[in-house]
Amino acid sequence: MNRRRLIPVAAALALLVGCATVGPDFHAPAPAVPAQRPTSAPDLASGLPVSEKVLPQRWWTVFGDPVLDGLQARLLENSLDLRNAVLRFAQSRLQRSVVASQALPHVDARAQATRQRQSEHGAETRLVRALPGANREEIAELLAEPFPLYQAGFDASWELDLWGRVRRSVESADAGVEAADALLAQARLALSGELARAYFNLRLAQRQQALLDEQAAVARDALGLLEGQAAHGLIADDEVLAQRARVAELQALRPPLRAREAALLNQLTTLSGVLPGALNEALAPLPLPADAAAPALPDLALGLPSALARRRPDLRAAEAQLHAATADIGIAVADLYPRIALGASAGLQSIEAGRFGEWSSRTWQIGPVLSLPLFDHGRRRATVELRKLQQQQAAVAYQQAVLKAWQEIDDALADYAAQRQRHARLRERLDERHRAWALAQGRRASGLSSELPVLQARQAWLQARADLADNDARLSTALVAVFKAAGGGMDGGE
């Protein structure tokens, strides 16, 4: 190769080596994580049995309910909301591929066969008028005669990423993929939590109806006894009227519970991606337990505070968005500098079809193309400042997400702890009501009292069971809120 040709090549290589990626480099933020979980209610949080093991990825399995497990599997398979999130993630992956393609040479093939005529008075024939002699008109007419033109070849171009514009674009796209992946996990977590809450509330509505039916039956039995006593003049009619009102009150409570059960069934079918009524058989009411056994409460496997801050999908999404905003600054800064692209084209051109493939019909060109921004009324520099402000906004959004995460964790833990404490008191109350019912039955068996005190004691025991059933559902939904606030389970953490 000629030395004169080596000089510009060497200069270009030196320029490539000397240039670097412009713009700030991203460093993952390190939020201040306390050694202990921050809480506004230490008296509530202190009594929670919290372990440092990792939650399973399918965190709902800790409840040991096969029906709930089946619903969650159906949700993950059929949910339309999850499908939308998956499609958004797929779009981000493809967008990354589109951006990354800028770093590679682009080659386009072309081919055409045309028939054309040039104007006798156009720019193509103006030089004919400068010819001497009288045959200028004949030459112009000859040049203007229609002729075929056959062309084929390719064009190639490659932008030299001198300032890292393409590299920053790929970096931003990678961060966008990470954000989409985190948002997919957030959608999965939110939908799973919503389904679990709806399921526990459905079971509560069904249990409340069963207990209400028992209460109404006991109230009707008591009404029969009171009506018999009033007929013999043993009691005033006021007691009968009050009992009738009690029976009517209990009967009036059932329709709203039935409507709530139907609404929760519809919510579960929608979350599962099926039509209303499709899950009626699978979600049929369960029989009431004979002894109102206390639910098994799992330990809270929340992990360390530092792991909590990284596990939540919304925090991972906020960090990825901050990363993308930082890379966008580099893209804007790179636009302030000149761009250099290497271009080349080669092909064949002929006005005769028979000579189109001959070596003498070849054409080619090669060389660099320089694009230098000179004056744009400050648009590029304003874009740089805009990207810096957007990066600062993303940093603030990340800090807000961290504070919100700890708030949600503390709120969920406080509610769960309060429900546990209430559960213990309601369990004591239920035991006392059961003892009172047993004593009333003993007195009746001994002939010391009538049937009415037994029915009244049973009514109080059923009400205590209803209150405890409500607390059981609240306890389960509070635990769901804790798992959701903690970011669910870790991938692969079975």
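Cut-offs used in this document
- Residues numbered from 1 in each chain as written.
- Predicted model: local features only at pLDDT ≥ 70, side-chain atom pairs only at ≥ 80, totals over all residues.
- Heavy atoms only, no water.
- Helix = DSSP H or I, 4+ residues; strand = E, 2+ residues; numbered from the N terminus.
- Pairing = 2+ DSSP bridges.
- Axes fitted to C-alpha atoms, helices over the stretch in contact; angles between N-to-C directions.
- Expected span 1.5 Å × (residues − 1).
- Buried < 20%, exposed > 50% of the residue type's maximum accessible area, 1.4 Å probe, protein only.
- Contact = heavy atoms within 4.5 Å.
- pLDDT = per-residue confidence, 0-100.
- 1 Å grid on protein atoms, 1.4 Å probe; cavity = no way out; pocket = protein on both sides within 12 Å on 5 of 7 lines; lining within 4 Å.
- Points joined across faces, edges and corners; volume = space filled by probe spheres on them.
- Nonpolar A, V, L, I, M, F, W, Y, C, P; charged D, E, K, R; others polar.
- Salt bridge = Lys/Arg side-chain N within 4 Å of Asp/Glu carboxyl O.

Phi at H377 is positive, roughly 60°, even though this residue is not glycine. Mapped onto the fold, H377 is located in the loop between β6 (362–371) and α10 (379–445).

Attention shifts here to the sheet that holds strand β3 (residues 147–160). The sheet built from 4 strands is open, its strands ordered β2-β3-β5-β6 with antiparallel pairing. Both edges of this open sheet fall to β2 (106–116) and β6, since each of them pairs with a single strand only. Direction aside, neighbouring strands of the sheet carry axes that sit 20° apart on average. By the bridge criterion, 10 bridges tie strand β5 (residues 339–350) to β6 in an arrangement that is antiparallel. Note that in β6 the partner of A346 across the bridge is W364.

A word on helix α6 (residues 165–231). Every α-helix carries 3.6 residues per turn, so stepping three or four residues along brings you back to the same face. Its 67 residues give α6 an end-to-end C-alpha distance of 96 Å, which sits within 8% of 99 Å, the value for a rise of 1.5 Å per residue. Following α6 by one or two positions, G233 adopts a phi angle in the positive range, close to 75°.

Bringing the pairing of β2 into the picture now. A small share of β2 lies buried, amounting to 0 of its 11 residues. Pairing of β2 with β3, which is carried by 11 bridges, proceeds in the antiparallel orientation. Each bridged residue has a counterpart across the sheet, and for V107 the counterpart in β3 is A156.

Between its first and last C-alpha atoms helix α7 (residues 237–272) spans 54 Å; for 36 residues at 1.5 Å apiece the expected length is 52 Å, and the two agree. Along α7, the residues that are buried comprise V240, Q243, V247, L250, L257, E261, L264, L265, L268, T269, L271 and S272. Its buried side turned inward, α7 meets α3 (66–78), α6 and α11 (451–485). One or two steps after α7, the chain reaches G273, where phi turns positive at roughly 75°.

Low-pLDDT stretches of the model should not have their predicted coordinates read in fine detail. Residues at a pLDDT of 70 or more form 85% of the protein, whose mean pLDDT is 84. Within the protein, no element has a lower average pLDDT than helix α1 (residues 3–18), which sits at 47, and none a higher one than helix α9 (residues 313–334), at 94.

Now for empty space enclosed by the protein. Taken as a whole and assessed by the stated rule, the structure comprises 2 cavities of 30 Å³ or more. Of the voids in this model, the second largest cavity is the one considered here, and its volume is about 60 Å³. Residues that form the lining of the second largest cavity fall into these classes: 5 nonpolar, no polar and 4 charged.

With that settled, consider the pattern of salt bridges. Applying the stated criterion across every chain, the model contains 26 salt bridges. The salt bridge involving D161 is made with R167; its shortest N-O contact spans 3.4 Å. Residues R474 and D470 are paired through a salt bridge, measuring 2.8 Å at the closest nitrogen-oxygen approach. With R474 and D470 both in helix α11, this residue pair falls 4 residues apart, about one helical turn. Through salt bridges with shared partners, one network takes in E159, R165, D335 and R339.

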